[in-house]
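Observations on the model geometry
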Amino acid sequence: MLCDSIRPHPEEEETTVNEDIVARIEANPKYHELVSKRNGFGIFLSILMIINYYGYILLIAFNKEWLGTKLGAGMTTSIGIPLGLAVIVITIVLTNVYVRRANTEFDELNAEIIREVNK
């Protein structure tokens with residue numbers, strides 16, 4: 001009976017271990033590097049996406065005549081069609097850029113942090 005009251009409960013032990021791991025991760029300079037790089041890159045790509053989408057919407061709102069201009073004499077396709085497709089393609093390209101960087105640089109930093117914390 002007495003030993004049970006002295007020994008921490010398994011939940012308390014797990015919380016202490018988790019808090020220790022969190023503290024070691026937060027103290028690791030590579031963790032701060034990872035957070036900084038990932039946030040900066042995410043903000044940069046978000047700005048590019050906003051320019052991409054809202055730029056197209058603003059063109060639709062304020063320059064319909066130009067978007068309606070035919071690509072060439074006798075053609076039925078207007079400038080707006082390839083620009084609309086470009087918005088979609090740019091979205092796919094930016095997503096691919098993020099995934100590639102996340103799977104290489106960010107994952108490598110994450111693995112290094114985990115190795116260092118588990119030492």
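These numbers come from a predicted model, not from an experiment.

Attention now goes to the overall build of the protein. The helix and strand inventory of the protein stands at five helices and zero strands. Listed N to C, the secondary structure of the protein is α-α-α-α-α in terms of helices and strands. The 119 residues of the protein split such that 16% are buried. Working note: accessible area of the protein is about 9,000 Å², and carbon and sulfur atoms make up 65% of it.

With that settled, consider the side chain of Asn52. Here Asn52 is to be found in helix α3 (residues 29–62). Apart from residues no more than four positions distant in its own chain, Asn52 is found in contact with Val87, Ile90 and Thr91.

A contiguous nonpolar surface patch, about 750 Å² in accessible area, is contributed by Ile50, Tyr53, Tyr54, Ile57, Leu58, Ile60 and Phe62. Within the secondary structure, Ile50 sits in helix α3. Taking the relative accessible area as the measure of exposure, Ile50 reaches 47% and is therefore partly exposed.

Membership of the largest hydrophobic core is limited to 10 residues, which are Leu34, Phe41, Leu45, Met49, Leu94, Ala102, Phe106, Leu109, Ile113 and Val117. At the level of secondary structure, the elements contributing two or more residues to this core comprise α3 and α5 (80–117). A per-element tally of this core places α5 first, with six residues.

What follows is about the pattern of salt bridges. Opposite charge on two side chains lets them pair, provided their charged atoms get close. Under the criterion given, the structure shown has six salt bridges. Glu33 serves as the salt-bridge partner of Lys37, at 3.1 Å between the closest nitrogen and oxygen. Within this pair, Lys37 and its partner Glu33 are both found in helix α3, separated by four residues, close to a single helical turn. Taking relative accessible area as the criterion, Lys37 reaches 31% and is therefore assigned partly exposed. Here Arg101 and Glu105 are joined by a salt bridge, their closest N and O atoms 2.8 Å apart. Of the two residues, Arg101 and Glu105 both sit in helix α5, four residues apart, roughly one turn of that helix.

The terminal C-alpha atoms of α3, which comprises 34 residues, lie 48 Å apart, in line with the 50 Å expected from a rise of 1.5 Å per residue. When we look at burial in α3, the residues that qualify are Leu34, Phe41, Leu45, Met49 and Asn52. For α3, the elements touching its buried residues are α5. A distance of 2.8 Å separates the backbone nitrogen of Lys30 from a side-chain oxygen at the start of α3, and that oxygen is part of Asn28.

Cut-offs and rules
- Residues numbered from 1 in each chain as written.
- Predicted model: local features only at pLDDT ≥ 70, side-chain atom pairs only at ≥ 80, totals over all residues.
- Heavy atoms only, no water.
- Helix = DSSP H or I, 4+ residues; strand = E, 2+ residues; numbered from the N terminus.
- Buried < 20%, exposed > 50% of the residue type's maximum accessible area, 1.4 Å probe, protein only.
- Areas by Shrake-Rupley, 256 points an atom, 1.4 Å probe, with all protein chains shown as cover.
- Contact = heavy atoms within 4.5 Å.
- Patch = residues over 30% accessible without salt bridge, like charges linked within 9 Å, V, L, I, M, F, W, Y side chains within 5 Å.
- Salt bridge = Lys/Arg side-chain N within 4 Å of Asp/Glu carboxyl O.
- Core = buried A, V, L, I, M, F, W, Y, C linked by side-chain atoms within 4.5 Å.
- Expected span 1.5 Å × (residues − 1).
- Polar contact = N/O pair within 3.5 Å; in protein donor to acceptor, adjacent residues only side chain to side chain.

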